[in-house]
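Okay, here's what each chain looks like letter by letter:
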Amino acid sequence: MKKDYIPELSEVRMVRRAPERPFALSGEDARYIEACLRDVEASFGLEAFPGVPFTRIPGRALIGRFIDWWRALAPADERQRDAHARLPAAIRLLDTVSSLMEERAQRERTSSS
């Protein structure tokens, strides 16, 4: 079910860019990302962050897990294929939010100097 892989530099950078705290997601984006997480967990029989509420999952850990799943899980049935196919969009969304969070933080540092 799982394959070994070597992360690409772009994937490593996405994880490094992500915040160590939870993502600042809007309501609709948060629902989409949580649904992706729960769909993969349910379809593959996984539990990504046992006992941690979605709103408390660190950003780096979440995007890192999604990338690992995208690259390492091998879907065996339609339900798994559907859940797995949503991961790239979720990863792109989280990376976009990371970039926005990074830009805001840089602006705040610049304006307070």
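Residues numbered from 1 in each chain as written. Predicted model: local features only at pLDDT ≥ 70, side-chain atom pairs only at ≥ 80, totals over all residues. Heavy atoms only, no water.

Peer 1: How should I be thinking about the overall build of the protein chain in this particular structure?
Peer 2: Looking only at helices and strands, the protein chain has five helices and zero strands in total. For the protein chain, the α and β elements follow one another from N to C terminus as α-α-α-α-α. Structurally, the protein chain occupies a C-alpha span of about 55 × 30 × 20 Å along its principal axes. Counting all 113 residues of the protein chain, 34% fall into the buried class. (Helix = DSSP H or I, 4+ residues; strand = E, 2+ residues; numbered from the N terminus. Buried < 20%, exposed > 50% of the residue type's maximum accessible area, 1.4 Å probe, protein only.)

Peer 1: Can you walk me through the packing of helix 2 (residues 27-44) against helix 4 (residues 78-85) in this structure?
Peer 2: The angle between the axes and the distance between the axes are what describe a pair of packed helices. At a minimum axis distance of 9 Å, the contact between helix 2 and helix 4 shows a crossing angle of 155°. Looking at the two axes, helix 2 sits roughly antiparallel to helix 4. The handedness of the crossing between helix 2 and helix 4 is left-handed. Only Arg-79, Gln-80, Ala-83 and His-84 of helix 4 make contact with helix 2, whose side of the interface consists of Asp-39, Val-40, Ala-42, Ser-43 and Phe-44. Split by residue class, the contact of helix 2 with helix 4 holds four nonpolar, three polar and two charged. (Axes fitted to C-alpha atoms, helices over the stretch in contact; angles between N-to-C directions. Parallel < 35°, antiparallel > 145°, perpendicular 65-115°, else oblique. Left-handed = near helix turned anticlockwise from the far one by under 90°. Contact = heavy atoms within 4.5 Å. Nonpolar A, V, L, I, M, F, W, Y, C, P; charged D, E, K, R; others polar.)

Peer 1: I tried to follow the nonpolar core on my own but got confused; where do I start?
Peer 2: Considering soluble globular proteins, one finds that nonpolar side chains tend to be buried as a cluster. Within the largest apolar cluster, 26 residues are counted, with the highest numbers of intra-cluster contacts made by Phe-23, Leu-37, Leu-62, Ile-63, Phe-66 and Trp-69. The set of elements that each furnish at least two residues to this core consists of helix 2, helix 3 (59-72) and helix 5 (87-112). Apart from the residues within four sequence positions on either side, Trp-69 is in contact with Leu-37, Val-40, Glu-41, Leu-46, Ala-48, His-84 and Leu-87. (Core = buried A, V, L, I, M, F, W, Y, C linked by side-chain atoms within 4.5 Å.)

Peer 1: When you look at the pattern of salt bridges in this model, what are you seeing that I'm missing?
Peer 2: When the charged atoms of two side chains with opposite charge come close together, those side chains can pair. With the rule as written, the count across this model stands at seven salt bridges. Among the ionic pairs, Glu-34 bridges to Arg-38, the shortest N-O distance being 3.5 Å. Highlighted residues: Glu-34 and Arg-38, both in helix 2, separated by four residues, approximately one helical turn. When its relative accessible area of 31% is taken as the criterion, Arg-38 is described as partly exposed. Through salt bridges with shared partners, one network takes in Glu-34, Arg-38 and Glu-41. (Salt bridge = Lys/Arg side-chain N within 4 Å of Asp/Glu carboxyl O.)

Peer 1: Would you mind going over the packing of helix 2 against helix 3 with me for this structure?
Peer 2: At a minimum axis distance of 12 Å, the contact between helix 2 and helix 3 shows a crossing angle of 45°. In terms of orientation, helix 2 and helix 3 fall into the oblique class. Crossing handedness for the pair helix 2 and helix 3: left-handed. Residues Ile-33, Cys-36, Leu-37, Val-40 and Glu-41 of helix 2 form the contact with helix 3, whose participating residues are Leu-62, Phe-66 and Trp-69. Partitioning the contact of helix 2 with helix 3 into residue classes produces seven nonpolar, no polar and one charged.

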